[in-house]
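Now for the letters of each chain:
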Amino acid sequence: MAAIIHSLVGPNPRYDHHAAHLTPANTRKGANLHQDAEYDVRDLHFDIQISFFPEDTPLESGGTLFVPGTQFRRVHEAEIKRYQNIIGQVQAVCEAGTMFFWHTNIWHSARSNFTDRDRYMFKLRLNPTVRQQRLWNTDDLDSPEVKQKLNQKIPWHGQRHRIELMNRIKFWRFLTGDPTFDISLWWGRVENTPDLIVPGG
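Residues numbered from 1 in each chain as written. Predicted model: local features only at pLDDT ≥ 70, side-chain atom pairs only at ≥ 80, totals over all residues. Heavy atoms only, no water.

Take a nonpolar patch on the surface next. A grouping of M1, L22, F52, M99, Y120 and F122 is seen on the molecular surface, where their side chains present a nonpolar patch of about 520 Å² in accessible area. The topology assignment puts L22 in strand β1 (residues 14-23). (Patch = residues over 30% accessible without salt bridge, like charges linked within 9 Å, V, L, I, M, F, W, Y side chains within 5 Å. Areas by Shrake-Rupley, 256 points an atom, 1.4 Å probe, with all protein chains shown as cover. Salt bridge = Lys/Arg side-chain N within 4 Å of Asp/Glu carboxyl O. Helix = DSSP H or I, 4+ residues; strand = E, 2+ residues; numbered from the N terminus.)

Put into structure tokens, the structure is as follows:
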């Protein structure tokens, strides 16, 4: 666990807060998809949250639902609250003791608990105290699989995949400290400003 935390927010992260979430037995949840940190105006630095499920969490108990790839989409909670299902969403279905580590801006929600047992989830938020650059093992940083993974489409992106790809490239530049990283010239095109080049200079 310490290694995962270190790789995301570095050593000695700052404690932000924690909370215990209860979804009582036989509880129907309404639309409650939301983003915890809509007020977070930081462009690249990010906090993490850790969700701990102390008991087995089958689908019918309503584990937390996450929408991968939404961390770059800042929205007001009310704007997405009405959505119940988004293509590509992932629901926490796990064994007791499972922990999820996630970017604090990921859209998420609790789901209905159709079982006869209360469901608990404990959540902890941590803030970085160092620049979030190359905090993880970077031995495979130049592997072709890195670009393949960063270029991977998420179903809900639809026609906005290119914008999301540019967000990822910008984020990867920040995480690696490599201002030249690119995929298929997506950033290279918009950074191409010949009018700023002085002839013979």
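Now that the structure is up, let's keep going.
Here we come to the sheet that holds strand β4 (residues 90-91). Within the open sheet, the three strands sit side by side as β4-β3-β6. Their pairing is antiparallel. The open sheet has two free edges, formed respectively by β4 and β6 (107-109), since each of these has just one partner strand. Pairing of strand β3 (residues 65-67) with β6, which is carried by three bridges, proceeds in the antiparallel orientation. Bridging across to β6, V67 finds its partner in W107. (Pairing = 2+ DSSP bridges.)

Applying the stated criterion to the full structure yields nine salt bridges. Put simply, D16 and R125 hold a salt bridge, and the shortest N to O gap is 3.7 Å. Taken as a pair, D16 in strand β1 and R125 in strand β7 (residues 119-127) lie far apart in primary sequence, 109 residues in all. You can call D16 partly exposed: its relative accessible area is 32%. Close ionic contact of R42 with D40 constitutes a salt bridge, the shortest N to O distance being 2.7 Å. It is possible to trace a salt-bridge network through shared partners that takes in D16, D40, R42, D47 and R125. (Buried < 20%, exposed > 50% of the residue type's maximum accessible area, 1.4 Å probe, protein only.)

Time to look at helix α4 (residues 161-176). When the terminal C-alpha atoms of α4 are compared, their 22 Å separation across 16 residues agrees well with the 22 Å that a helix rising 1.5 Å per residue should span. Listed in full, the buried residues belonging to α4 are H161, E164, L165, M166, R168, I169, F171, W172, R173, F174, L175 and T176. Its buried side turned inward, α4 meets α3 (144-150) and α5 (186-191). Looking at the residues trailing α4, positive phi occurs at G177, about 75°. (Expected span 1.5 Å × (residues − 1). Contact = heavy atoms within 4.5 Å.)

For the structure shown, the criterion picks out one cavity of 30 Å³ or more. Empty space within the largest cavity amounts to approximately 30 Å³. Residue classes in the lining of the largest cavity are distributed as four nonpolar, four polar and one charged. (1 Å grid on protein atoms, 1.4 Å probe; cavity = no way out; pocket = protein on both sides within 12 Å on 5 of 7 lines; lining within 4 Å. Points joined across faces, edges and corners; volume = space filled by probe spheres on them. Nonpolar A, V, L, I, M, F, W, Y, C, P; charged D, E, K, R; others polar.)

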